[in-house]
Amino acid sequence: MRDPFQNPFPGDDAARRSIWEMLVPRDIDAFLAADWSMVAEDFVEESFIGIDGRREADPDKWRLTFPSLAEYRDEWLRQAQDFARQSFAEDPREAIFRTTTLEDIEISGELALARKKFDGGVKKANGSFDVMKWQTVYYCRLHLGRWRICGFTGYLPNPMG
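Residues numbered from 1 in each chain as written. Predicted model: local features only at pLDDT ≥ 70, side-chain atom pairs only at ≥ 80, totals over all residues. Heavy atoms only, no water.

Q: Would you take a moment to explain the sheet that holds strand 5 (residues 129-143) for this structure?
A: In any sheet, the strands associate via hydrogen bonds between backbone groups, in a parallel or an antiparallel arrangement. Reading across the sheet, the six strands line up as 2-1-6-5-4-3 and stay open at both edges, with mixed pairing between neighbours. Of all strands in the sheet, those bounded by a partner on one side alone are strand 2 (63-66) and strand 3 (100-108). Pairs of neighbouring strands in the sheet enclose a mean axial angle of 25°, with direction left out of account. Sheet topology places strand 3 next to strand 4 (residues 111-123); eight bridges connect them, and they run antiparallel. Bridge pairing in strand 4 links T100 to F118. Here helix 2 (residues 69-84) sits on the sheet in contact with strand 2, strand 4, strand 5 and strand 6 (146-157), set at roughly 75° to strand 2. Across the sheet, helix 3 (residues 92-99) touches strand 3, strand 4 and strand 5, and the angle it forms with strand 4 is around 125°. (Pairing = 2+ DSSP bridges. Helix = DSSP H or I, 4+ residues; strand = E, 2+ residues; numbered from the N terminus. Axes fitted to C-alpha atoms, helices over the stretch in contact; angles between N-to-C directions. Contact = heavy atoms within 4.5 Å.)

Given below as structure tokens:
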């Protein structure tokens, strides 16, 4: 059984381990704290692009919702602050880790494609369930000595099709 808190990449695979650390624990902890400063250095601001798949399998329905990092940051903060105002019947950090999988990272030179998937959710205090069932493909680049996000296509259905 997979340990959702354990980096799945071997110790001698520094690139994939670094990308996983950026996209899983650091991202989750920053989101739960609603603190963009915890992840701000994980992005390449120049030429950043974020595509919102709108949970649609048809690319004709995808939108260029985040043509800049500032626009993505503002939406990320809005979502994080909204999440922080909610009450949960379980530890949301544990639930998000359990829901998150990132085991497929393709690297070619100084570029990487990371496929992060969400399949599950968080039990809310009112008895409802906050469903997390989508996936994001991150475009990463080795920039100024470390791996950073230069864009993504996200909010895609999981599974596709």
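Q: Hey, could you run me through the layout of surface pockets in this one?
A: Here the idea is plain: a probe the size of a water molecule rolls over the atoms and shows the empty space left. The computed volume of the largest pocket comes to approximately 590 Å³. F31, Q79, M132, W134 and Y155 are, among the 24 residues lining the largest pocket, the residues nearest its centre. Mapped onto the lining of the largest pocket, the elements with two or more residues apiece are helix 1 (14-33), helix 2, strand 4, strand 5 and strand 6. Across the lining of the largest pocket, the residue classes break down as 13 nonpolar, five polar and six charged. (1 Å grid on protein atoms, 1.4 Å probe; cavity = no way out; pocket = protein on both sides within 12 Å on 5 of 7 lines; lining within 4 Å. Points joined across faces, edges and corners; volume = space filled by probe spheres on them. Nonpolar A, V, L, I, M, F, W, Y, C, P; charged D, E, K, R; others polar.)

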